[in-house]
Amino acid sequence: MPTYDQDKFHFGFVLGADISYVTIRPISDLTRHNFDTTFIPDILPMPDSAKVLSVTSTPAIGFVISIVGNMRMGDNFDLRFIPSLAFGDRQLVYTIETYKNQSHSILNITKDVPSTYVNIPLEVKFKSDRYGNFRAYLLGGGQYTLDLASQAKKREQRNSDQKIVKFNANDFYVEAGVGCDFYNEWFKLGLEVKMMYGLMDELKRENNLYTNSIESLKSKIFQFSVSFE
C-alpha cells in the first residue's frame, strides 16, 4: 500500500481496553469532621455520628469500541475524529468510624459507580516518515464525554436500601498518546497507548457523608487500543 497516506480521508474502527482511575481530593479536615444522623443515609444500625477516615479508589478495567475518521493535513500530520462508546466501573472505598452509645467501630464501605461513556474526541496525529511498512506517531487532543449511566433511575430502584454515589454526566478530557502503524496488504493496523485526564469535578453533590467528605474527584483513563483502517 505505497500510496495509502496520499488519500485525503480514511475510515476504520477501533477495539480497545481501558483502566479507569479516580483522583480524589478529600476535604481538608476530613478526619476531624463529624457527620450527624442527617448525613448518614444507609448505615445500619443507625449511629449517633460518624467520621470518614479515608476515601480511596480502586482501578477498574473496561472496554471501548470506536469509529475512525481521519483527514490528511500534510505529510506528517492528520486530524482525527474518533467517536466511541466505552463501558467500565469505578469503585470508591470509604473507611468510616461510627459512634453509638459511647462505643465506636470501623467500617469499610464500597460504592460501585458503573459508567457507559459516549466519547467525542478530536485529535492531532504527528507521524514519523514511513520506513517500509512501519510508521510511528504521537497524538494529542481533547474530548467531550457524556456518561449515560451515571444517574440511571433503574440503579436507584435496584438499590433502594443503599445510597448510590453518582457522577455528573458531563466531563472534558485532555489526552496524549503514542502508537505505531503497520501497513498490510488490505488494511493498516495501528497499536496505540493513550492517557486521558479529566478536567472537571465529576462527583454529584447530594449532601451526605459520601459526597461531603470529598473536595474534588477527577477521572484518569489509561487506554490500549487496536485500530483497523
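What you see is a predicted model; the values in this text were computed from it and never measured.

Points about the overall build of the protein chain
Here is step 1: Looking only at helices and strands, the protein chain features 2 helices and 11 strands.
Here is step 2: Counting helices and strands in the order they occur from the N terminus, the protein chain gives β-β-β-β-β-β-β-β-α-β-β-α-β.
Here is step 3: In terms of overall size, the protein chain is more extended than a compact globule, its C-alpha atoms giving a radius of gyration of 22 Å where 229 residues would be expected to give roughly 17 Å.
Here is step 4: Burial statistics for the protein chain: of 229 residues in total, 43% are counted as buried.

Topic: the nonpolar core
Here is step 1: Of all hydrophobic cores here, the largest spans 22 residues; its most connected members are Val52, Leu92, Tyr94, Ile96, Tyr210 and Leu217.
Here is step 2: Among the elements of the structure, strand S1 (9-26), strand S3 (49-58), strand S6 (84-100), strand S7 (103-127), helix H2 (209-212) and strand S11 (214-228) are those that each provide at least two residues to this core.
Here is step 3: Setting aside residues up to four positions removed in sequence, tyrosine 210 forms contacts with Pro41, Asp42, Ile43, Tyr94, Ile96, Ile109, Lys111, Lys163, Val165 and Leu203.

What to know about the pattern of salt bridges
Here is step 1: Scanning the entire structure with this criterion turns up 14 salt bridges.
Here is step 2: A salt bridge links aspartate 5 to arginine 135; the nearest nitrogen and oxygen atoms lie 2.5 Å apart. You can see aspartate 5 sitting in the segment before S1 and its partner arginine 135 sitting in strand S8 (residues 134-147), a full 130 residues away along the chain.
Here is step 3: In this structure, the salt-bridge partner of glutamate 202 is arginine 90, at a minimum N-O distance of 3.0 Å. Taken together, the positions of glutamate 202 in the loop between strand S10 (188-198) and H2 and arginine 90 in strand S6 put the pair 112 residues apart, joining distant regions of the chain. Each member of the pair glutamate 202 and arginine 90 is classed as buried.
Here is step 4: Overlapping salt bridges, with partners in common, bring together Glu123, Glu175, Glu192 and Lys194 in one network.

A short note on a nonpolar patch on the surface
Here is step 1: Together, Tyr21, Met73, Phe77, Val124, Phe126, Leu138, Val178, Val193, Phe222 and Phe224 give the surface a local cluster of nonpolar side chains, amounting to about 870 Å² of exposed area.
Here is step 2: At the level of secondary structure, the elements contributing two or more residues to the nonpolar patch comprise S7 and S11.
Here is step 3: For valine 193, the position within the fold is in strand S10.
Here is step 4: According to the relative accessible area criterion, valine 193 is partly exposed, its value standing at 31%.

Let's talk about the environment of methionine 46
Here is step 1: You can see methionine 46 is positioned in the loop between strand S2 (35-36) and S3.
Here is step 2: With a relative accessible area of 32%, methionine 46 lands in the partly exposed category.
Here is step 3: Residues methionine 46 and proline 83 lie 37 residues apart in sequence; the distance between their C-alpha atoms is 46 Å.
Here is step 4: With residues near it in sequence (within four places) discarded, methionine 46 still touches Thr37, Ile40 and Lys100.

Some remarks on the side chain of lysine 127
Here is step 1: Within the secondary structure, lysine 127 is located in strand S7.
Here is step 2: At 3.1 Å, the side chain of lysine 127 forms a polar contact with the side chain of aspartate 78.
Here is step 3: Here lysine 127 is in contact with Asp5, Asp75, Asn76, Phe77, Asp78, Arg135, Ala136 and Tyr137, once residues within four sequence places are set aside.

Some details on unusual backbone geometry
Here is step 1: Note the cis peptide between leucine 44 and proline 45, where omega equals -5°.
Here is step 2: Mapped onto the fold, proline 45 is located in the loop between S2 and S3.
Here is step 3: Of note in this structure, asparagine 101 is not a glycine but carries a positive phi near 55°.
Here is step 4: Using a relative accessible area of 61% as the deciding quantity, one classes asparagine 101 as exposed.
Here is step 5: Positive phi is not limited to glycine here, since glutamine 102 has a value of about 65°.
Here is step 6: Tracing the chain through its elements places glutamine 102 in the loop between S6 and S7.
Here is step 7: Classification of glutamine 102 as exposed rests on a relative accessible area of 86%.

About the criteria used
Residues numbered from 1 in each chain as written. Predicted model: local features only at pLDDT ≥ 70, side-chain atom pairs only at ≥ 80, totals over all residues. Heavy atoms only, no water. Helix = DSSP H or I, 4+ residues; strand = E, 2+ residues; numbered from the N terminus. Rg over C-alpha atoms; globule rule 2.2 N^0.38 Å. Buried < 20%, exposed > 50% of the residue type's maximum accessible area, 1.4 Å probe, protein only. Core = buried A, V, L, I, M, F, W, Y, C linked by side-chain atoms within 4.5 Å. Contact = heavy atoms within 4.5 Å. Salt bridge = Lys/Arg side-chain N within 4 Å of Asp/Glu carboxyl O. Patch = residues over 30% accessible without salt bridge, like charges linked within 9 Å, V, L, I, M, F, W, Y side chains within 5 Å. Areas by Shrake-Rupley, 256 points an atom, 1.4 Å probe, with all protein chains shown as cover. Polar contact = N/O pair within 3.5 Å; in protein donor to acceptor, adjacent residues only side chain to side chain.

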